Amino acid sequence: MLIKMQDITKAMQEKARELLQNKEVELVIGFSKGSLPLRYTPCFIRQPEEAEKLAWGYGCENNLAVYLRKRPEKMAVIAKGCDSRSIVELIKENQVKRENLVIIGVPCRGMIDRQKLSRLLAGKELREAEIKDGLVAVQGKDISASFPLDQLLYDSCLTCQHPNPVLYDYLLGEQVPARGSDTFADVAGFESRPPAERRSYLMKELSRCIRCYACRQACPMCFCEECFADCSMPQWVSKSSLDVQANLFFQAVRVLHLAGRCVDCGACDRACPMGIDLRTLTRKMVRDIQELFGYTAGISLDEKPPLAAPIKTAAGHV
Amino acid sequence: MKVTQRLLETLGIERERLRLAWISASEGAKFAETVTEFTNQLKELGPNPLRTSPGVQEKPCSA
């Protein structure tokens, strides 16, 4: 049975109201409807009567785990599969206290990529969208069309192995079946290209980088108090976005710092205002960590992070 | 190390350009030998390919 998004929204509002009324938490972090169709925005609820602002839909794409660090109060958070995996890693890294957190899990059917939709609409303005039975019906000026939902989902959702929250206190809605295994065919495909081609592809992508660091800010795991890119003594990397090599170097180090921690939620990729393909590198790291260490980030609280555990290889050590 | 080497390779940088060797303070000869060997290998490989990619201003490679 397909549980309607409206039902989940209602259950979410009720649960938030109850938690705030009973003073179990001081803050509920979730989503509210944005001003444009298919858009949702993170929202912070502190009063029980504000709980009706909460909403759930196919545009709740932000990884809310990014807001959980360094908050003294008890709070509740709405978590999809990917958010919950980031939360698991944050707990393991002592960034979030489990006892201060109420996780309201929501099984996720994937989120709609508005860029994909906008390409299909050839840039025409979207005014209304309705999702029913796996079809997205869109209305706008001079447009009236219908697309299969799967065609519009984010790439990160199409390979998602954990649509259901791995850690939660309450679960709203029914569990969603996971998609077929992720073969990382995209990573293998990229690596099979000649080195010069790979270099020029990445340089071309990163030539658009404006160093706004939205990728870093959107990532729940990018939480260094001082990022190496912001250091000026020593200055590890040029701060000019015109220096394409430095842009690539920044991404390479970012990816390296996320080794064994990245849950491939795609938040960095979605946050990029320049539409740079960041997931080629992040996914490469996710796959390498799986291959080398047999570790998938954010699955269990007990499994030790790969870089903190003794390493076993064919040679006996690394 | 392995992770970084693999990452470099994807970026189009040969993994031989990155090396980790454990050498104690008492092993002066081994240190010199390793550095000389590595320097020779890097000379053979030539400048960092990322420095000479098309569309990028070429910088003089200081040895």
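Residues numbered from 1 in each chain as written. Chains lettered and ligands numbered in written order. Predicted model: local features only at pLDDT ≥ 70, side-chain atom pairs only at ≥ 80, totals over all residues. Heavy atoms only, no water.

Visitor: Before we go on, may I ask you to explain the pattern of salt bridges in this structure?
Guide: Opposite charge on two side chains lets them pair, provided their charged atoms get close. Applying the stated criterion to the full structure yields 29 salt bridges over all chains. When the shortest N-O distance is used, the salt bridge between Lys80(A) and Asp83(A) registers 3.1 Å. With relative accessibility at 1%, the residue Asp83(A) sits in the buried group. Salt-bridge contacts for Arg15(B) lead to Glu9(B); the nearest nitrogen and oxygen are separated by 3.0 Å. Of the residues examined, Arg15(B) reaches a relative accessible area of 28% and is grouped as partly exposed. Via salt bridges that share partners, Glu191(A), Lys284(A), Arg287(A), Asp288(A), Glu291(A) and Arg6(B) belong to a single interconnected network. (Salt bridge = Lys/Arg side-chain N within 4 Å of Asp/Glu carboxyl O. Buried < 20%, exposed > 50% of the residue type's maximum accessible area, 1.4 Å probe, protein only.)

Visitor: Looking at this model, I keep getting lost on the packing of helix α7 (residues 195-206) of chain A against helix α9 (residues 244-257) of chain A. Mind explaining?
Guide: Two quantities define a packed helix pair, namely the angle between the axes and the distance from one axis to the other. All names here are of chain A. Orientation of α7 relative to α9, taken along the N-to-C sense of each, is 100°, at an axis distance of 9 Å. On the basis of the axis angle, α7 is roughly perpendicular to α9. For the pair α7 and α9, contact is made by Leu 202, Met 203 and Leu 206 and by Val 244, Gln 245, Asn 247, Leu 248 and Gln 251, respectively. In the contact of α7 with α9, the residues fall into five nonpolar, three polar and no charged. (Axes fitted to C-alpha atoms, helices over the stretch in contact; angles between N-to-C directions. Helix = DSSP H or I, 4+ residues; strand = E, 2+ residues; numbered from the N terminus. Parallel < 35°, antiparallel > 145°, perpendicular 65-115°, else oblique. Contact = heavy atoms within 4.5 Å. Nonpolar A, V, L, I, M, F, W, Y, C, P; charged D, E, K, R; others polar.)

Visitor: I tried to follow the sheet that holds strand β6 (residues 135-140) of chain A on my own but got confused; where do I start?
Guide: Across a sheet, paired strands are connected by hydrogen bonds in the backbone, their directions being either parallel or antiparallel. All names here are of chain A. Across the sheet, three strands lie side by side as β5-β6-β7; this open sheet has antiparallel pairing. This sheet does not close on itself; its edge strands, each paired only once, are β5 (126-132) and β7 (143-148). On average, each strand axis in the sheet is tilted by 20° relative to the strand beside it, whichever way the strands run. Where β5 lies against β6, six bridges are found, and the strand directions are antiparallel. When the sheet's bridge partners are listed, Ala 129 is paired in β6 with Val 138. (Pairing = 2+ DSSP bridges.)

Visitor: I tried to follow the domain arrangement of chain A on my own but got confused; where do I start?
Guide: Quite often, the size of an interface is put as the accessible area lost when its parts meet. Residue and element names in this part refer to chain A. For chain A, the assigned domains read domain 1 (5-110 + 162-171), domain 2 (114-149) and domain 3 (185-293). The distance between the C-alpha centroids of domain 1 and domain 3 comes to 27 Å. Listed as interface residues are 13 residues of domain 1 and, on the opposing side, 13 residues of domain 3. When domain 1 packs against domain 3, close to 1,100 Å² is buried across both sides, 58% of that on carbon and sulfur atoms. The partner of Glu 225 in a salt bridge is Arg 69, with the nearest N and O atoms 3.5 Å apart. For the side of domain 1 that touches domain 3, the class distribution of residues is four nonpolar, three polar and six charged. (Domains from an automatic or database assignment. Buried area = accessible area lost by both parts, 1.4 Å probe.)

Visitor: Even after reading the chapter, I still don't get the interface of chain A and chain B, so can you show me in this structure?
Guide: Every contact between the two is made by 24 residues of chain A and, on the other side, 15 residues of chain B. A per-residue breakdown of the area chain A buries against chain B is headed by Arg199(A), Gln245(A) and Leu292(A), which together make up 31% of the total. On the surface where chain A and chain B come into contact, there are two salt bridges. The shortest N-O distance in the salt bridge between Glu291(A) and Arg6(B) comes to 2.9 Å. Across the contact surface, chain A and chain B share eight residue pairs in polar contact (both at pLDDT 80 or more). Elements with a minimum of two residues in the side of chain A that touches chain B: α6 (185-191), α7, α9 and α11 (279-293) of chain A. At nine residues, α11(A) tops the list of elements feeding residues into the side of chain A that touches chain B. Per-class residue counts for the side of chain A that touches chain B are 15 nonpolar, one polar and eight charged. (Polar contact = N/O pair within 3.5 Å; in protein donor to acceptor, adjacent residues only side chain to side chain.)

Visitor: What am I meant to see in the nonpolar core here?
Guide: Grouped burial of nonpolar side chains is what soluble globular proteins tend to show. All names here are of chain A. Among the nonpolar cores identified, the biggest contains 64 residues, and Trp 56, Leu 68 and Ile 87 are the most heavily contacted of them. What Leu 68 contacts, discounting residues up to four positions off in sequence, is Ile 29, Met 75, Val 77, Ile 87, Val 96 and Leu 101. Of all hydrophobic cores here, the second largest spans 39 residues; its members include Cys 209, Phe 250, Cys 265 and Tyr 295. (Core = buried A, V, L, I, M, F, W, Y, C linked by side-chain atoms within 4.5 Å.)

Visitor: Would you mind going over the packing of aromatic side chains with me for this structure?
Guide: We describe a pair of aromatic rings using the distance from one ring centre to the other and the angle between the two ring planes. Residue and element names in this part refer to chain A. Enumeration over the complete set of coordinates arrives at six aromatic pairs over all chains. Ring centres of Phe 44 and Tyr 67 lie 5.1 Å apart, and the angle between their planes is 80°; this geometry places the pair in the edge-to-face category. Residue Phe 44 is located in strand β2 (residues 40-45), and its partner Tyr 67 is located in the loop between β2 and β3 (75-79); the two are separated by 23 residues in the primary sequence. Through a chain of ring-to-ring contacts, three or more aromatic side chains come together here, namely Tyr 213, Phe 228, Phe 249 and Phe 250. Cation over ring: Lys 15 sits above Tyr 170, and NZ or CZ is 3.8 Å from the ring centre. When the ring centre of Tyr 201 is taken as reference, the NZ or CZ atom of Arg 193 above it lies at 5.2 Å. (Phe/Tyr/Trp six-rings, centres within 6.5 Å; stacked < 30°, edge-to-face > 60°. Lys NZ or Arg CZ within 6 Å of the ring centre and 35° of its normal.)

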